[in-house]
Amino acid sequence: MKSILDFKPEIISKDLPKEPVRVIGIDLGTTNSTAAEIIWDPKNPDTYQLNCLEVDQPTLEGNFTSVFLPSMVALLNGKEFIGEGAKRLRARASEYGLEQNKDIFYECKNDMGLRRTYHRAHEGYRSAPEIASRVLSFFNEAINKSKGDKISRHVISVPASFQISQRHDTLLASTLANIDVKPGDLVDEPVAAFYDYLLQFGDDIMSTLDKEKNLLIFDFGGGTCDVAIFKISKSAQSINIAPLAVSRYHRLGGSDLDRAILYECLVPQLRSQNGLSEFELSYEDKKKIIEPAFLGLAEALKIGLCIEIARLKKFDSYKPEEKELIKTQPGMHHCNLKNKKLTLQSPKLSAVEFENILKPFLDTDLIFARDTEYRLTCSIFAPLEDALQRSGLNSKEIDYCLMVGGSSLITQVQEAMAKYFENAKMLTYSDRDSLQLAIARGAAIHALAIELYGHGIAKSICHNSISIRTGDKGLVELVPKGVELPFPASGEFAQSTELAVPETNITGRMLLRVEFVAGNDEYIIGSRIWEITESVQRGHPLYLKYRLDENNVFQTNISMLTSEDNKEFKETIEHPLTHVVNPETSRLMIESIEESLRTQKFTRRETASYLVELADLYYEIRHHEKAIDFLKRALHIINTPDNNILIKLGIICGEIGDYEREEKYYNTASEASVTDGGALFNLALSKNRRSLYTEALKKIDEALGREKIGPYHVLRAIILKNTGRKAESDEALKTGLKMFNDYTVQSDWELGWYTTGLKQIGDEKKIKEIEAEFRARKQSSRAYSDVEGLLPITNKKQQ
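Keep in mind it's a predicted model, so treat the numbers as computed, not measured. The numbers attached to residues start from 1 for each chain and follow its sequence in the written order. Totals for whole chains, interfaces and linings use every residue, but because this is a predicted model, local features are given only for residues with pLDDT of at least 70 and side-chain atom pairs only at 80 or more, for both listing and counting. Computation of side-chain values: all heavy atoms of the structure, hydrogens and water removed.

### Describing the overall build of the chain
And step 1. Here a helix means four or more residues in a row that DSSP labels H or I, a strand means two or more in a row labelled E, and each is numbered from the N terminus. Along the backbone of the chain there are 23 helices and 30 strands.
And step 2. Here the globule rule is a power law, 2.2 Å times the number of residues to the power 0.38, and the radius of gyration is based on C-alpha atoms. Against the compact-globule benchmark of 28 Å for 799 residues, the chain has a radius of gyration of 28 Å, which places it among compact chains.
And step 3. C-alpha atoms of the chain, sized along the principal axes, occupy 75 × 65 × 55 Å.
And step 4. Considering the chain as a whole, with its 799 residues, one finds that 56% of them fall into the buried category.
And step 5. Surface accessibility of the chain: about 35,000 Å² in total, with carbon and sulfur atoms responsible for 47%.
And step 6. For the purpose of charge, His is not counted, nor are the chain termini; Lys and Arg are scored as positive and Asp and Glu as negative. For charged residues, the charge sits on one atom: NZ in Lys, CZ in Arg, CG in Asp, CD in Glu. Here the chain holds 102 positive side-chain charges and 116 negative ones, and the gap between their average locations is 2 Å. The rule is simple: take the accessible area with a 1.4 Å probe, protein chains only, and divide by the maximum for that residue type; under 20% is buried, over 50% is exposed, in between is partly exposed. For the area figures, the Shrake-Rupley method with a 1.4 Å probe applies, and any residue is considered shielded solely by the protein chains shown.

### Remarks on the side chain of Ser233
And step 1. Turning to its location among the elements, Ser233 is positioned in strand β13 (residues 225-235).
And step 2. In this description, contact between two residues means that some pair of their heavy atoms is separated by no more than 4.5 Å. Not counting residues up to four positions away in its chain, the partners in contact with Ser233 are Leu209, Glu212, Ser238, Ile239 and Asn240.

### Points about the nonpolar core
And step 1. Counting 59 residues, the largest nonpolar core has Leu216, Phe218, Phe294, Phe354, Val413, Met417 and Phe421 as the members making the most contacts within it.
And step 2. Those residues in contact with Leu216, other than ones at most four positions away along the chain, are Val227, Ala228, Ile229, Leu384, Leu388, Ile398, Tyr400, Cys401, Leu402 and Phe421. Among the buried residues, those of types Ala, Val, Leu, Ile, Met, Phe, Trp, Tyr and Cys that are joined through side-chain atoms within 4.5 Å form a nonpolar core.

### Some remarks on the pattern of salt bridges
And step 1. A carboxyl oxygen of Asp or Glu within 4 Å of a side-chain nitrogen of Lys or Arg is what we treat as a salt bridge. Across all of its chains, the model carries 35 salt bridges by this definition.
And step 2. Residue Arg22 is joined to Glu37 by a salt bridge in which the shortest nitrogen-to-oxygen separation is 2.8 Å. One end of the pair, Arg22, is in strand β1 (residues 21-27); the other, Glu37, is in strand β2 (residues 32-40), and 15 residues separate them in sequence.
And step 3. Classification of Glu37 as buried rests on a relative accessible area of 10%.
And step 4. The closest approach of N and O atoms between Lys313 and Glu415, which form a salt bridge, is 3.2 Å.

### Regarding the state of the cysteines
And step 1. Note on terminology: disulfide denotes any pair of cysteine sulfur atoms within 2.5 Å. Considering all chains together, one arrives at zero disulfides under this definition.
And step 2. Cysteine Cys401 remains unbridged, with the sulfur of Cys225 as its closest cysteine sulfur at 11 Å.

Have a look at this one:
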């Protein structure tokens, strides 16, 4: 086992402390939060103590002590419950009249960085940062009660895909909790996990770093699925980390599995045991009463079954198809529904049911099958593919894959990952607790390294250059490739007068295009117009300030020297070299559209259009019932069968497992447009996924009777392959692949199915070409404008 002291830098930016140092690392999770402390004494400078903190958590039944603190807050009879007490109250929410975001709060991390307020809640509990601050305060109070030295530093972990607004809310939460968080005291969760693994098992990794290696960290927790890819190397006794890519913020985690178990297994048991018909329970009944009451049961069943499956697999005796394995949660479990008390007796989950639930989460073959971002979030391979595409690597080029987060303990997830990254050495922990505590431990390690040496144990390296484009000299480099972050090293802004105004502007306005690119391939990372309205001569110098901080945030200010109105251009690009997309865009657009619908008058057709747009946005953030409601309202306003809306309704109903309504909507869409095979194609796809191969084949043949296009033939080949008709499958695939001509003019949906077909025949060369095309499309979509505005020129006086 290695030590922080093994990574002592050659040059230390500060003197070692003369007094004992006590630092705290906090993993502020979506589902659970944990904290770790390290104590270092200058009397014994070569050793330190690292402990994960057990916290007493009051419940109605008495104190509960654990290192895991559920990230939940509840208010009951004027008393605040945090952690286990709040979690138990969630299960009894209907009994005590508790409502989410009014007097019970959970999964609020997903709202960090958004403008959402909990308007029905009491003061002090009306936003995600305020709820997070209650969790942090609870930790802080418990830590301060324990005996020990004064805390020198706190470090809090955040998902690598968190944007500035989300990081700002995390800092706000710490301030509200009276925790002093200094600059650089937010550490990315994948990095923290790697620090912990490096210190425990670092010898195996360090011995291989004679040349650069590609490390992928897969953090699959309760509420997020974070993927980060790094290039790692060593210099002397230090380790260098250069971030290559971070996945988009994926709100995908173990809680999604819990909800799948709840709605696909437990709700049917509840209906059966209480004599309820299939549609007797409304959305409000299920979402606001049944879900809080039984979500914990679903989680317990999942964990218990996963432990048993892992045990059986060790002995090679897990065969669910031969002998069904069932996990039961004994007892009578209740919830109050209006004037009726519902009872769920001894709920159960079988291995066969769980395997079926896992299928969409582990789907690789059809990852591009649905041309929506939302569908990809159902698979853990969505963020993986996303990060790989952004990094320019493929799965075979990953050397190490570190898996952390409670949901990565699922055996089927581990097996799917090992198969996918066939050339990678899989890194994980031998026990559940160590794996779930890795991030808190890593955060504490980072805190001690900063306190002792002035920076973390690993050097953060900028893996590519950042330049600004000019109209006369091409690129002017701002941040060099390979430089250590922050840049400049002082953390202050670098200053330059190397740029100038491109033309004289006496009256009117000038549109100046400010464009930043990465590397020699000139990948556009930001492009925006700066409108200049004042009089200015060609060659007038521009004053440029810029920096790239340790959190990979690129900031720049541009102004004109001796400017009369002192206007300036400001731009902040988060993770410029890893290409993270802002996760809050959809929610901000939802708020804007809903506010417009409330306050402005539109025609019926305009209203219907906005309702469809809202449905698409809610679909992206996985609010299925809301999406269905808005689409139905739009359909009612239009008052005629609309093929597009009907297909969207069918897709969403299929996503939530309402296959009866799914088929109804697809069939209605098919009747509404007798020449379009899209609805029949989607229905065939759904039936294939449910192993209804005969019906699937019938529907895809009907679709081909209307349209003979490549994707339809590829799906037909897959269905035939699933029925064992290999020769016919090969012929259908051959026919389909011939129909994909110039892939540069195909839609993303067509390209996705082309990739699916190519995977069937193993054409790796062509697949790489398609992946390159996808990356090129992502690049072109990032630029706000590539034609409007004049580029700045270089300042001749500086040459």
